[in-house]
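# A closer look at the structure
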Amino acid sequence: MGLLNGKIVLIGGGSSSMGEATAELFAKEGAKGIGIHYSSSYEKVEKIINNIKKDTEAIPLQADISKYIEVKGIIDKMIKKWKKIDIIINYAGAPASLETWNKKLSDISDKEFLDPFVTDFLGSVHFYQASVSHMKNNGGGKIIFTSSSPTINGDEEGFSFTVAKDAIRLMVKSFAPIALKEYGVYLHTIAPGTTDTESNRKNYTKKQWDDMVKQIPLKRAVKSEEIAKVASFLSSELSNGIVGQTIIVDGGEIRI
C-alpha cells in the first residue's frame, strides 16, 4: 500500500519478534531506511537486514537504552546517514526470568523491581528526548511506545514489568499534547496482551500458557505481525486524527 513511502524509521528492540515483524512490514510499506536497534543479538539483526534489503536500506544500531548518551548516539547515526528521522517504534524491554515473573511483591528485590523500570520506561524516555528536536526540524514525526494490556486492569504476575509499562502509558497520556503542539510529534502506545513470542512464552509454564490462551476470545494469542500492523497504522497519515492513545491489541482479553 505504500503507507510509509520515504519514511526513515528506528525500531527499538528490533531483534525481537515484534521488531522483526515490524521491520518486514515497514519495508514493504515503502520505508526508505530502517535503523534496527539491538543490545546484544547482532546475528538476529543481520538476518533481519538480509531479509528486507530487497525492499529498503537497513542498518544495525547497538545501544544500552538505559543510557541516554547511547540512545543519542544511534539517533545521531541515523541523522548523519539519512538527514532525518520520521518514526520511532520502541519494543525494547528488560528480559524476565520465569522465577522473577512469578515472584510475589513481598519477595521482589529492589534490583528486580528497578531493572524493567530503567530499561522499559527510562529507555522510552531517552528515545523521546534524543529525537523530538530532530523531528521538529523535519516537520514532525511519530513515536510509538510499548506498554502492556495488564496495565489497564492489573495482573498478579510480572508486577515490576507491569508497573514499568504503566509508567510508559502515563507518560504518553501526559506529554502527547505538548509533544504535538511544540514539536509536531505524535505519541502513542501499543498495549499487547498475550502475544505469541519466544520471550513471552518463557514467562509461563506450558500449562499456564495453554490455560491462559483458552480464555482469550480470539481463541489464540496475538501474533507479532498483528502488532506490526497496528504500529504501521499509527505511524502513517491514516492515524493523524488520533493523539496520545493506548491501543490495546489482545484478542479481546480486556475491553474498555
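## Here's the deal with the nonpolar core
Formed by 32 residues in total, the largest nonpolar core has its most connected members in L10, I75, I85, I88, I143, F145 and L187. Secondary structure elements with two or more residues in this core: β1 (8-12), β3 (57-62), α3 (68-82), α5 (110-137), β5 (141-146), α7 (159-183) and β6 (185-192). A per-element tally of this core places α5 first, with seven residues. Setting aside chain neighbours within four positions, we find I143 in contact with I88, Y128, S131, V132, M135, V185, Y186, L187 and H188. Grouped together as the second largest cluster of nonpolar side chains are 30 residues, L4, V45, I87 and I144 included.

## Points about the packing of helix α1 (residues 17-28) against helix α10 (residues 224-235)
Interaxial distance between α1 and α10 falls to 8 Å at its minimum, and their mutual angle equals 55 degrees. Between α1 and α10, the interaxial angle falls into the category oblique. Here α1 runs over α10; the crossing is right-handed. Contact residues: S17, M18, A21, T22, L25 and F26 in α1; S224, E225, I227, A228, K229, A231, S232 and S235 in α10. Here the contact of α1 with α10 is built from residues that sort into seven nonpolar, five polar and two charged.

## Brief notes about the packing of aromatic side chains
For the structure shown, the criterion picks out three aromatic pairs. Consider the rings of Y38 and Y42, whose centres lie 5.8 Å apart with planes at 50 degrees: the pair is tilted. Here Y42 falls in the partly exposed class, since its relative accessible area comes to 33%. Here the aromatic rings of F117 and F121 are separated by 5.0 Å at their centres, their planes lie at 45 degrees, and the arrangement is tilted. Within this pair, F117 and its partner F121 are both found in helix α5, separated by four residues, close to a single helical turn. For F121, a relative accessible area of 18% gives the class buried. Positioned over the ring face of W82 is K81, at 5.5 Å from the centre of the ring. The ring of Y186 has K142 lying over it, and the distance from NZ or CZ to the ring centre is 4.5 Å.

## Quick look at the pattern of salt bridges
Counting across every chain of the model gives 15 salt bridges. A salt bridge links K103 to E112; the nearest nitrogen and oxygen atoms lie 2.9 Å apart. Take K103: its relative accessible area is 23%, and that puts it in the partly exposed class. Here D115 makes a salt bridge to K111, at a shortest N to O gap of 2.8 Å. Residue D115 and its partner K111 are located together in helix α5, separated by four residues, close to a single helical turn. Taking relative accessible area as the criterion, K111 reaches 58% and is therefore assigned exposed. Counted as one network, the salt bridges with shared partners bring together E20, K44 and K47.

## Section: the environment of I248
As for its placement among the helices and strands, I248 is situated in strand β7 (residues 246-249). Taking relative accessible area as the criterion, I248 reaches 22% and is therefore assigned partly exposed. With 20 residues separating them along the chain, I248 and A228 place their C-alpha atoms 13 Å apart.

## Topic: the sheet that holds β6
Read across the open sheet, the seven strands follow the order β3-β2-β1-β4-β5-β6-β7; overall the sheet is parallel. Of all strands in the sheet, those with a lone pairing partner are β3 and β7, marking the two edges. Strand-to-strand twist in this sheet, taken as the mean axis angle between neighbours without regard to direction, amounts to 15 degrees. Looking at chain direction, β1 and strand β4 (residues 87-90) are connected through four bridges and run parallel. Opposite V9, over in β4, you have I87 as the bridge partner. Against the sheet, helix α2 (residues 42-52) touches β2 (33-38) and β3, its axis set at about 165 degrees to β2. Here α7 sits on the sheet and contacts β5, β6 and β7; the angle it forms with β6, its principal contact strand, is near 160 degrees.

## Topic: α10
An α-helical segment advances 3.6 residues per turn. Residues three or four places apart therefore align on the same side. Between its terminal C-alpha atoms α10 stretches 16 Å, which fits the 16 Å expected from twelve residues at 1.5 Å a residue. Among the residues making up α10, those that are buried are S224, I227, A228, V230, A231, S232, L234 and S235. Check the buried side of α10 and you find it contacts α1, β4, β5, β6 and β7.

The rules behind each value
Residues numbered from 1 in each chain as written. Predicted model: local features only at pLDDT ≥ 70, side-chain atom pairs only at ≥ 80, totals over all residues. Heavy atoms only, no water. Core = buried A, V, L, I, M, F, W, Y, C linked by side-chain atoms within 4.5 Å. Buried < 20%, exposed > 50% of the residue type's maximum accessible area, 1.4 Å probe, protein only. Helix = DSSP H or I, 4+ residues; strand = E, 2+ residues; numbered from the N terminus. Contact = heavy atoms within 4.5 Å. Axes fitted to C-alpha atoms, helices over the stretch in contact; angles between N-to-C directions. Parallel < 35°, antiparallel > 145°, perpendicular 65-115°, else oblique. Left-handed = near helix turned anticlockwise from the far one by under 90°. Nonpolar A, V, L, I, M, F, W, Y, C, P; charged D, E, K, R; others polar. Phe/Tyr/Trp six-rings, centres within 6.5 Å; stacked < 30°, edge-to-face > 60°. Lys NZ or Arg CZ within 6 Å of the ring centre and 35° of its normal. Salt bridge = Lys/Arg side-chain N within 4 Å of Asp/Glu carboxyl O. Pairing = 2+ DSSP bridges. Expected span 1.5 Å × (residues − 1).

Read these as spatial facts, not as claims about activity.
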